[in-house]
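# Secondary and tertiary structure notes
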Amino acid sequence: MASVGVVVIGCLAILSAGLSDAIHVQLLGQVDANWRGAYDILVRPSGARLDLERTNGLVEPNFLAYSGHGGINLGQLAAIRSVPGVEVAAPVSFLGYLRYATSSPTIQLTALPSTPTLYQATITVTTSDGLSDRLLQRETGRVLLGPAPSDPSAASPWAADFVGMTYGVDGSGNPIVDFPANHSLPPIAIPVMAVDPVAEHNLLGSSATFLDPLETIPNRDNLTVANMEVDRIPAEFGFAKEQITLLRDPHFPTAAAKTRPIVPLVLSDSLYAGLKITLQVGQLGSSLSAYPSGATSTNVLDNAQGLAGPGSTPIGETVVDAGAELRPFQPANLVIAWPGSSSLGGALGIKNFGTLEARLSERPSYVPVPALRGSGRPSFRIQPLGLVGPDDAPTASRRDPSGPTTAFDEGVFPAYRSFASVPLAVDGTGVNTSNFDSAFVFAPLGTFDLGKLDLPDNSLTHVPLGAYAAPDTALIAGPSGAPISPRPMTPTLSPAGFIARPPLAITDLVAATLLRGLQPIDAVRVRVAGLSGFDRAAQDKVEAIAARIAALGLDVDIVAGSSPQAIDLYVPEYDVSTDPPGDLGWVSQAWTTLGAAQRVEIGLGQTDGTLLALGLLASVMFALGLQVLQLTQRSQQMAIQRAIGWTRRGVLAWFVAEAIVASAVIAALAGVGWFVGGRSTTALGAGLLLSGTWLLTATLGVLAADRSAGVDRIDSGEITVATARRLSLPVSNLTTYILRSAVSRPTRTAIEIIGLSVAGTTVGLSVASLAQASTLAGPTLLAASVGASLGPMQLGLLAGSAFCSVVFVVAAIRLDLVSR
């Protein structure tokens, strides 16, 4: 039994060690294949490092928007690019927000009532967070309509609280009545980023083709209104083309207009924020027999309301999704049909060229909080900053959008981001005045769709590009923590919201220098050349280059080896329909953990090493315990051999030779395993260790047995072998039998208890180590993927430890039965 056990344990130990080597090789292989994103080092101005300590090294999508307010100059960029080993150095600069006004929504009527009738029209403009509509503004007014005048050129008897009502007929003589709302929509603001198109192309690869319009501009350093090729501007941006054409007209009153610098742009196809216009119409009182008189429109409406009498009858509702209309440098044709009428369009909005608002968003403040029940993910609470209006201006009072309507009402939004203004290096902000002249002129050259960009994206080791991520947020639990079915959320039109929109307008570094001065760069993303794998040499090379860049006086973070993970974010003071605002609850977002690859390698490697060590401990414990358990039986065998004439030396040689043979068998198995098992030095070392351990413990066991063996006498041909005097207890039941067995062989009993305890502890620690592996490796996608692939092999190591323990228990029971 002992010999069979030794061979079994030896084979298991060698196989476990070989399996450990295979796990390590696969671990390094997976990390090696997934440890790099598009770049390896993030460089920022001194003092601009994000407060990562509060978020345990986690950064949110589009985090470069909060990376700083400039500070890296073109000379430092050139110095970074000249560092040996730097393959790509791609700068990025955030310029602020392109803010542009839009026209008032226009109500269009194509069917008139047969008698004078007074209506109440309410125009409600909302954005959406994906959960519900969020009020931007609401306007309510009265409209008096009736039969069309026989002479379209005659004064209309109609009246409205909406200024600017116009009347006409279509080609068939049907009436068309337009009246715009008194208030334009809140200005739309989209984030603007500047990049070096060539470097960005090298960083992003073929997915950066949307930047081609910026990369191929001729005479870029001296691009002005005079030499701008207006045909490069797509027809959809006709207003921008119109402005440039007008500014360089020989008869334009300002001669200097031709020298205005051009700021080229590529624009997002989507605002990533909804906009909906709803028109609700009701009839006030009864129809009138004739139009009332009045000196002013208000008098007419007041008189009409008195004649119509009390009460209101709903007429209908019309809803228009206007999000697709709100693009900078394009006319916003926001026409909504009167219920029962059809919209013919044609009511063009203002020419929204846009202005550059040099405001930069600060990173929100996050506070770590206990994890959401059952999630185990990193959890934070975003700190609220009060309320703002639709134009992001702070507001001290909250207006309840569910309360009674007034003539005009604006919504409010919860704020979680503050803004810092930065000066522009040029006079003016790109405001397009009535004569179209401005300090600089925007030229939209193309569009892009973030959802269709084939950006470098390894889902396991995504290093955040910091700029191109479409919003990805879902509500997962209420304020109490009770889970709900995930509900996707979207950013509202308020930049102060907790969901950040990515840059939706991109220009080049020349424009950044024009607008922000000689230190326009907020960050530089650096990719290191010549890295072949995630080994010590690669890490040393990245660290050496990072040190060279840091010597330029810049903040440097190594981001190679990052991996995304889900985090839970608690959002307080979000629901503005209550006073005070109510909490939203918990949302899930995809953030990125810096240095995830190192943690995966160390954490899973540590688990692998622990499982192997526990397996070898079980094997060594088996070898040691087996010698003690055989001590009494071996002593009796030695005494008998001595009594029948064996010499003491011969007896010792016999038993030591047995130990040498068993040890040699284990060593031979180790050698065979090394030869056929991929030359695993760990397996060979484990086999030789167990071989030496067995030889040593067996030799010590033989010497101990020899000391206790003896012959009392040989008398009349009978041999009496000396045995230890034992405590004899009477046996009357199973309990007294167990007690007598335990106290009569205290050493054996102690060894059995210790051995079984060690065996159970070894298995328990192996299970605990395997359960702890995910915590050590971290909660990132890389850790989950590598852990899943290594799981079966790690379970094999656990099974090896458990089997060693089972063999030990069986051997102990078997030897005890033989002894009895």
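Residues numbered from 1 in each chain as written. Predicted model: local features only at pLDDT ≥ 70, side-chain atom pairs only at ≥ 80, totals over all residues. Heavy atoms only, no water.

## Some points on the packing of aromatic side chains
As enumerated under the stated definition, the model contains 12 aromatic pairs in all. Residues Tyr 366 and Trp 591 carry aromatic rings whose centres are separated by 5.0 Å and whose planes lie at 75° to one another, so their mutual orientation is edge-to-face. Within this pair, whereas Tyr 366 is found in strand 17 (residues 366-368), its partner Trp 591 is found in strand 31 (residues 585-593), the two being separated by 225 residues in sequence. The two residues Tyr 366 and Trp 591 agree in class, both being buried. Each residue in the set Tyr 119, Phe 162, Phe 179 and Trp 338 is aromatic and connected to the rest through ring pairs, giving one cluster. Over the ring of Tyr 574 we find Arg 134; its NZ or CZ atom is 4.5 Å from the centre of that ring. (Phe/Tyr/Trp six-rings, centres within 6.5 Å; stacked < 30°, edge-to-face > 60°. Helix = DSSP H or I, 4+ residues; strand = E, 2+ residues; numbered from the N terminus. Buried < 20%, exposed > 50% of the residue type's maximum accessible area, 1.4 Å probe, protein only. Lys NZ or Arg CZ within 6 Å of the ring centre and 35° of its normal.)

## Some thoughts on the pairing of strand 27 (residues 505-508)
Taking every second residue as pointing to the same face, both faces of strand 27 are buried, with Ala 505 and Thr 507 on one and Ile 506 and Asp 508 on the other. With four bridges joining them, strand 10 (residues 188-195) and strand 27 adopt parallel strand pairing. Residue Ala 194 lies in a different strand from strand 27, and its bridge partner there is Thr 507. Across two bridges, the pairing between strand 11 (residues 262-268) and strand 27 is antiparallel. Of the residues in strand 27, the one forming a bridge with Leu 267 is Ala 505. (Pairing = 2+ DSSP bridges.)

## Regarding the environment of Leu 267
Within the element layout of this structure, Leu 267 appears in strand 11. Between the C-alpha atoms of Leu 267 and Leu 504, which are 237 residues apart in sequence, the distance is 5.8 Å. Excluding its chain neighbours within four sequence positions, the residues that come into contact with Leu 267 are Ile 190, Phe 237, Pro 328, Phe 329, Pro 444, Gly 446, Thr 447, Phe 448, Leu 504 and Ala 505. (Contact = heavy atoms within 4.5 Å.)

## Some details on the pattern of salt bridges
Going through the model one piece at a time under the given rule, you end up with 12 salt bridges. As a salt-bridge pair, Asp 161 and Arg 142 come within 3.1 Å of each other at their nearest N and O atoms. With a gap of 19 residues between them, Asp 161 in the loop between strand 7 (159-160) and strand 8 (166-169) and Arg 142 in strand 6 (residues 133-145) connect regions that are remote in the sequence. Under the relative-accessibility criterion, Arg 142 is labelled buried at 14%. A salt bridge links Asp 302 to Arg 142; the shortest N-O distance between them is 2.9 Å. Here Asp 302, found in helix 6 (residues 297-308), pairs with Arg 142, found in strand 6; they are 160 residues apart in sequence, far enough to count as distant. Under the relative-accessibility criterion, Asp 302 is labelled partly exposed at 40%. Overlapping salt bridges bring together Arg 142, Asp 161 and Asp 302 as one network. (Salt bridge = Lys/Arg side-chain N within 4 Å of Asp/Glu carboxyl O.)

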